[in-house]
Amino acid sequence: MAELEGLEFGKSDFVLLDEVTMEQFMENLKLRFEKGRIYTYIGEVVVSVNPYRQMDIYGKDNIEAYRGRELYENPPHLYAVSDAAYKAMKRRAKDTCIVISGESGAGKTEASKYIMQYIAAITNPSQRAEVESVKNVLLKSNCVLEAFGNAKTNRNDNSSRFGKYMDINFNFNGDPTGGHINNYLLEKSRVVHQQGGERNFHSFYQVNCSLHFCSAHLFYFAFLFDLFAFQTSNNDRSSHKAVLSALEVIGFSKEEITSVYQILATILLLGNMQFESDGESVNIVGQEVVNHISELTATDPESVNKSLLYRTVATGGGEVIEKGHTEQDACFGRDAFAKALYERLFGWIVSRINSIIEVKDYDPVLHGKNTVIGVLDIYGFEIFDNNSFEQFCINYCNEKLQQLFIELILRQEQDEYQREGITWQHIEYFNNQIIVDLVEQAHKGIISILDEACLTVGKVTDTVCLDSMDTKLAQHPHYTSRKLSPTDKSMDFQKHFRIRHYAGDVTYSVEGFLDKNKDLLFQDFKRLMYNSANPVLKEMWPDGHLSITEVTKRPLTAATLFKNSIVALVDKLACKEPYYVRCIKPNEMKSPVLFDDARCQHQVAYLGLLENVRVRRAGFAYRQLYARFLQRYKMTCEYTWPNHLMASDREAVEAIVIQHGFQDDVAYGQTKLFVRTPRSLFTLEQERNHLIPILVTFLQKVWRGTLARARCRRMRAIYAIMGCYKRYKVKAHFWEVERRFANVRTMADYGKSLEWPTPPAALSQFHSITVMWWARQIVKNIPPSDMLEVRAKVAAMTALSGERKDWGVSRAWERDYLANARDCPQTSASFIRISKELKNKDEYSQVLFSSFCRKVNRFNKSTDRGLLITDKYIYKLEPKKQYKVLKKLPLDSVSTHFTGVSVTTGVDQMVALHTSSQDDVLLCLQRGELCPNQDRVGELVGAIVDHFTRSVTEIFFFFVFYPALIYTYVVTRISTINMLL
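If you're wondering where the values come from, they're calculated on a predicted model, not measured in any experiment.

**Considerations on the overall build of the protein chain**
Each helix and strand counted, the protein chain has 32 helices and 28 strands in total. The proportion of buried residues among the 981 residues of the protein chain is 50%. When contacts within the protein chain are restricted to residue pairs at least 6 apart in sequence, long-range pairs at least 24 apart make up 63% of them. Total accessible area computed for the protein chain in this model is approximately 48100 Å², and 53% of it derives from carbon and sulfur atoms.

**A word on the sheet that holds strand 13 (residues 479–481)**
Ordered by their spatial adjacency, three strands build an open sheet running 13-14-15, and the pairing between neighbours is antiparallel. The open sheet is flanked by strand 13 and strand 15 (504–509), the only strands paired with a single partner. Taken pair by pair, the neighbouring strands of this sheet meet at an average axis angle of 25°, ignoring direction. Relative to strand 15, strand 14 (residues 496–501) is paired through six bridges, and the arrangement is antiparallel. By the bridge assignment, Ile499 is partnered in strand 15 with Val506.

**Brief notes about the pattern of salt bridges**
Scanning the model with the defined rule gives 42 salt bridges in all. With a shortest N-O distance of 3.0 Å, Arg190 and Glu198 are connected by a salt bridge. For the salt bridge of Lys526 with Asp543, the shortest nitrogen-to-oxygen distance reads 3.6 Å. Linking Lys526 in helix 19 (residues 523–530) with Asp543 in the loop between helix 20 (535–540) and helix 21 (558–574), this pair joins segments that are 17 residues apart in sequence. Under the relative-accessibility criterion, Asp543 is labelled partly exposed at 23%. Connected through shared salt-bridge partners, Glu103, Arg155, Lys585, Glu588 and Arg599 make up one network.

**Observations concerning the packing of helix 4 (residues 108–122) against helix 5 (residues 129–149)**
Angle between the axes and distance between the axes: these two values describe a pair of packed helices. It is the contact of helix 4 with helix 5, at a shortest axis distance of 9 Å, that shows an interaxial angle of 165°. Relative to helix 5, the element helix 4 lies roughly antiparallel. Here helix 4 runs over helix 5; the crossing is left-handed. Here Thr109, Lys113, Met116, Gln117 and Ala120 of helix 4 come into contact with helix 5, specifically with Lys135, Leu138, Leu139, Asn142 and Glu146. Split by residue class, the contact of helix 4 with helix 5 holds four nonpolar, three polar and three charged.

Conventions adopted
Residues numbered from 1 in each chain as written. Predicted model: local features only at pLDDT ≥ 70, side-chain atom pairs only at ≥ 80, totals over all residues. Heavy atoms only, no water. Helix = DSSP H or I, 4+ residues; strand = E, 2+ residues; numbered from the N terminus. Buried < 20%, exposed > 50% of the residue type's maximum accessible area, 1.4 Å probe, protein only. Contact = heavy atoms within 4.5 Å. Areas by Shrake-Rupley, 256 points an atom, 1.4 Å probe, with all protein chains shown as cover. Pairing = 2+ DSSP bridges. Axes fitted to C-alpha atoms, helices over the stretch in contact; angles between N-to-C directions. Salt bridge = Lys/Arg side-chain N within 4 Å of Asp/Glu carboxyl O. Parallel < 35°, antiparallel > 145°, perpendicular 65-115°, else oblique. Left-handed = near helix turned anticlockwise from the far one by under 90°. Nonpolar A, V, L, I, M, F, W, Y, C, P; charged D, E, K, R; others polar.

Here you go:
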């Protein structure tokens with residue numbers, strides 16, 4: 001178990017408070033904030049307080065500490081709820097979502113980034129390239145969307161000015177395979193106007209760092225009202241580099257990135273455009289701006305001019321006329337065009353990212369079920385000095401999310417306990433359904449009244465719309481205005497109305513509501529962009545292909561579109577298992593040490609955290625259908641594994657609970673088991689995780705045994721077939737041999753000329769023996785007097801085959817040439833006499849070889865000599881002195897004087913006799929007088945090798961072949977020759 005926090009840090013879970021009161025809740029929250037503990041649980045809900053400083057709790061070690069652990073094993077952290085959502089998704093194959101809520105500046109965006117980082121870190125342990133690519137795109141998309149969708153406000157330096165919901169798809173292994181991003185209500189009015197002290201979107205300040213438009217910094221941009229804020233900071237420069245890198249990693253091409261920054265520059269230049277009127281027509285001041293915009297958007301300057309100064313209108317009769325703008329209409333059209341450009345750009349970036357990361361060609365049969373974790377990072381509740389249409393939509397969105405929280409955490413919880421017959425103490429809570437109905441109810445809600453005003457023909461102003469709201473909503477308890485409350489001087493007549501939200505009262509200024517709701521953009525701008533030569537711009541404006549005479553359906557208003565998207569979002573979240581991160585802003589000064597009690601208490605109240613604690617203390621942490629609970633944990637009980645024999649699944653579940661001793665921590669409903677604390681569930685999970693490897697091993701053993709037995713039966717059948725076939729092949733071979741060699745005894749060559757049939761592999765050794773039968777028959781008929789010559793030739797062939805082409809195999813070998821009168825008529829008698837004397841003296845029994853030779857000394861001088869090789873000595877003789885012995889070398893197995901013979905690969909008769917004293921003798925054997933082409937080298941080698949084959953067990957000879965003066969040493973093993981014989 002991981003080390004938990006001490007009591008000096010307060011209660012890590014608000015459920016553990018002694019009394020559930022606002023005072024104790026706030027005291028514990030403040031203590032933990034002051035001690036640097038910014039996270040606290042309410043069961044599985046994480047309450048996060050913005051620390052306004054960097055904290056060292058998000059590194060790799062922290063990720064490893066929370067990987068695969070239960071919520072209560074470690075101190076509260078975002079990583080814990082992220083891991084809980086991931087485990088629920090992976091274990092139960094159920095879609096989950098993490099809803100991050102809180103007001104602007106409470107730290108929602110940072111929380112979503114840490115959650116994404118954690119999920120990326122714990123997945124894909126095998127480091128598969130395609131999964132890593134998906135993870136990189138998902139992580140880098142945060143950087144890009146922050147640059148184009150976030151801005152500095154008076155409450156938050158990095159405020160999300162759009163809503164983002166990201167679905168991350170996982171395969172059956174739990175690795176991310178893709179995703180999808182939905183964006184909601186980009187605050188595009190910020191493009192043309194910001195409140196004092198605030199900035200435009202980050203991307204406009206980063207564009208000044210771009211090399212594409214290095215001359216843009218010479219202009220004063222009217223859309224960046226704060227001159228100090230306009231100055232590019234080091235943070236903007238580093239962020240710009242990060243955004244460029246992220247765009248490349250995601251997969252944007254260089255042309256697409258260039259187009260993005262060209263559009264940003266176009267918007268900034270539109271803000272610098274001024275108009276002047278001469279009483280009859282309106283003109284643009286300075287043509288340079290138009291030319292620059294035309295160049296950046298790849299359009300015709302004249303078309304840009306016409307779109308900004310004229311509006312093309314189709315009459316009822318089909319006639320097309322051009323209607324010139326007033327100066328005020330031209331400014332309105334310019335601003336609307338700039339806002340639309342940025343909104344289309346942002347939407348295109350999101351859709352481009354989706355096209356890269358969306359799961360394609362997913363087959364559940366092949367890849368298993370595709371599960372999802374959703375992460376919602378959406379703007380928080382906002383109360384400004386001047387609250388307009390954007391704040392109205394944002395606060396409506398938060399009302400819907402609060403309603404979802406009430407539905408899932410509070411009302412559904414109590415409804416389920418009542419439905420299942422669980423004893424339950426009812427908890428009172430505020431249901432904001434009445435506020436949601438005030439905004440979205442058909443025909444009666446504020447959005448319906450706004451839409452009706454926009455559709456009304458004639459001059460309908462914001463004031464007229466406010467009067468209509470006052471008339472229809474006068475009796476609503478959560479709506480008021482100065483007309484309905486004349487004594488409330490905090491509101492102005494015909495300007496303000498107030499809604500009593502769950503998070504507090506918000507006063508809205510009705511000015512601009514209708515224009516923003518209509519979201520009017522002249523068709524001329526759409527056609528201008530559609531006809532651009534830039535393919536990115538053309539792709540952003542598909543509706544520009546319609547001609548002015550084509551009748552189109554009136555588009556839905558901005559409020560209705562937003563309402564529809566939020567309803568779809570809530571439906572999407574409602575079908576997932578939710579996990580909540582409730583963010584709290586500790587102060588308005590962005591101070592890391594200041595804790596504003598009143599400010600925080602207000603947030604705790606409207607977030608419903610106290611009610612959440614009460615529900616959690618009275619409720620159960622886990623509930624599951626009996627069948628599913630049994631399916632997961634039945635292996636932990638001997639009475640339920642592998643299948644129970646009880647009357648119902650509930651009885652089987654009771655057996656599991658009793659065996660583990662959890663009787664006091666559970667309740668039995670009609671269809672579900674309710675577990676009060678996560679610790680009991682964790683104990684079951686530990687037991688299950690311990691048994692799973694044992695069960696898997698058992699199943700593997702059984703399956704492997706089945707496979708082995710089947711394989712054994714197959715092998716036995718194979719061997720039986722092979723045995724029968726081998727016996728058949730052996731018999732067939734013998735039958736063929738018998739047929740071919742039936743009459744070999746009567747042949748002259750004993751069947752040498754016959755071709756043997758190819759034997760089967762089993763008879764290969766037998767074949768090598770029987771195939772020599774004819775040779776043995778011939779050898780038996782060789783006279784004993786010729787066997788010595790045959791053995792010598794075999795020995796010479798073994799030693800010289802492949803090395804010396806001609807070695808005298810085709811002639812008769814006489815061996816003792818010095819004693820042959822025919823070969824040496826003048827000296828043969830003298831040699832015979834000397835050889836007898838040496839035989840008597842040295843007691844040798846046989847002359848192996850003798851011949852005339854020419855000795856060559858180290859000075860290249862040659863003399864005639866006689867060579868006599870017996871079975872005991874090698875003699876060098878002097879023929880001219882009656883064959884006097886000049887040198888004698890022992891030739892026996894004990895002596896080491898004679899060590900080897902070297903011959904050449906050519907036809908010469910050179911022979912080198914090697915001695916251990918390295919006093920080698922180099923000789924050239926002389927050919928016979930009657931046979932001048934006689935080769936005696938092979939005979940000499942054969943005689944020596946045959947002698948040692950018969951008399952020595954094992955000896956090594958070095959035959960040296962030196963063609964072209966290159967010596968090659970060949971080691972011949974005499975025992976090998978014996979085997980060949």
